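Inside the fold
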Amino acid sequence: MPGEPNLFLHYGLDAWMVREYPTVQFERFADDAVIHCVSESQARLVRDAVARRLVEVGLELHPDKTRIVYCKDSNRRGDYEEISFTFCGYTFRPRKAYNQRTGEVFTSFLPAVAPEKLALMSRRVAGWRLHRRTTLDLEDLAAGVNLVLRGWFGYFTAFYPTAVNPLCQRIDHHLVRWARWKYKRLARSPRRARAWLQGVRSRHPQLFVHWRYGSAVPGGRTARAV
């Protein structure tokens, strides 16, 4: 049954963590977990204890995925080899941040869509071969792809939404190509096709889901999501 491994780890790991380390916060999704420690020594202690616990229940830590990561930001000094990790499709690492009240730029340890997730979504968009769907009008094309885009962007813009801009621009690149295949007057001029799509976007900014997140038509001015 799909729920059995999750139920097993609930009792084999989650309940054990709460009992043995009540002050240590953690999150787990399926067989991936993030455990928050206040020092490197505590992290090593808990890691070794978790390894022993998993052996007791017939499991083991993944040797390549199990790492101690230093959550580096402007308030934390020192240099460490591991300063990023990926969890649930988000990569957590030091990133530039802004204080909207003071305008100060600083470094914060923040999540954003993982590069491998961006690449996977980009490949899927390419696989749609939008430029060949010239029997559709733009509204029908949008209705079809928005079914997928709404899920992607609803999830991956929860944190640091500007990280999805490369995917937004990749989608627009395919829409420009679609316009050049569909309309003879745009076929020979990528510049005119980009200008046409930018005009559509200006008039109907809600037409495509990704246009709500600060993307720009390739070759145009890039906007920043907030």
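Our structure's up above, just so we're on the same page.
Below or above, wherever it landed, is the structure these notes cover. What you see is a predicted model; the values in this text were computed from it and never measured.

**With respect to the pattern of salt bridges**
Where side chains of opposite charge bring their charged atoms close, a pairing between them can arise. Considering all chains together, one arrives at seven salt bridges under this definition. With its nearest N and O atoms 2.8 Å apart, the salt bridge here joins aspartate 14 to arginine 28. With aspartate 14 in helix H1 (residues 4-20) and arginine 28 in strand S1 (residues 26-29), this pair connects stretches of sequence that are 14 residues apart. No difference in accessibility class separates aspartate 14 from arginine 28, as the two residues are buried. Across the pair aspartate 73 and arginine 76 runs a salt bridge whose closest N-O atoms are separated by 2.9 Å. By relative accessible area, aspartate 73 is classed as buried at 15%.

**Considerations on helix H2 (residues 40-56)**
Given 3.6 residues per turn, any residue in an α-helix points the same way as the ones three and four places further on. Its 17 residues give H2 an end-to-end C-alpha distance of 25 Å, which sits within 8% of 24 Å, the value for a rise of 1.5 Å per residue. Of all the positions in H2, only Ala43, Val46, Ala49, Val50, Arg53 and Leu54 are classed as buried. The buried residues of H2 occupy an angular sector of 135° when projected down its axis, which confines them to one face. Away from its buried face by more than 90 degrees, H2 exposes Ser41, Arg52 and Val55.

**Quick look at the pairing of strand S2 (residues 32-35)**
Inspection of the sheet shows S1 paired to S2 by four bridges, in the antiparallel sense. Paired with glutamate 27 across the bridge in S2 is valine 34. In this structure, the hairpin formed by S1 and S2 is closed by a connection of two residues, where alanine 30 is found at a positive phi of approximately 55°.

**Some words on the sheet that holds strand S4 (residues 90-98)**
A sheet is described by the order of its strands in space; here three strands give the open sequence S3-S4-S5, paired in antiparallel fashion. Strand pairing shows two members of the sheet lacking a second neighbour, strand S3 (85-87) and strand S5 (105-113), which therefore form its edges. Across the sheet, the mean angle separating the axes of adjacent strands is 50° when strand polarity is ignored. Both S4 and S5 contribute to a ladder of nine bridges, which runs antiparallel. Counted as the bridge partner of lysine 96 is threonine 107 from S5. Its contacts with the sheet put helix H3 (residues 115-127) on S3, S4 and S5, and the angle it makes with S5 is roughly 45°.

**Considering the packing of H3 against helix H5 (residues 165-182)**
Between two packed helices, both the angle of their axes relative to each other and the distance between the axes serve to describe the pair. Contact geometry of H3 with H5 gives a least axis separation of 10 Å together with a crossing angle of 10°. On the basis of the axis angle, H3 is roughly parallel to H5. For the pair H3 and H5, contact is made by Leu118, Met121, Ser122, Val125 and Ala126 and by Leu167, Arg170, Ile171 and His174, respectively. Tallied by class, the residues present in the contact of H3 with H5 amount to six nonpolar, two polar and one charged.

What counts, and at which threshold
- Residues numbered from 1 in each chain as written.
- Predicted model: local features only at pLDDT ≥ 70, side-chain atom pairs only at ≥ 80, totals over all residues.
- Heavy atoms only, no water.
- Salt bridge = Lys/Arg side-chain N within 4 Å of Asp/Glu carboxyl O.
- Helix = DSSP H or I, 4+ residues; strand = E, 2+ residues; numbered from the N terminus.
- Buried < 20%, exposed > 50% of the residue type's maximum accessible area, 1.4 Å probe, protein only.
- Expected span 1.5 Å × (residues − 1).
- Arc of directions from axis to C-beta.
- Pairing = 2+ DSSP bridges.
- Axes fitted to C-alpha atoms, helices over the stretch in contact; angles between N-to-C directions.
- Contact = heavy atoms within 4.5 Å.
- Parallel < 35°, antiparallel > 145°, perpendicular 65-115°, else oblique.
- Nonpolar A, V, L, I, M, F, W, Y, C, P; charged D, E, K, R; others polar.

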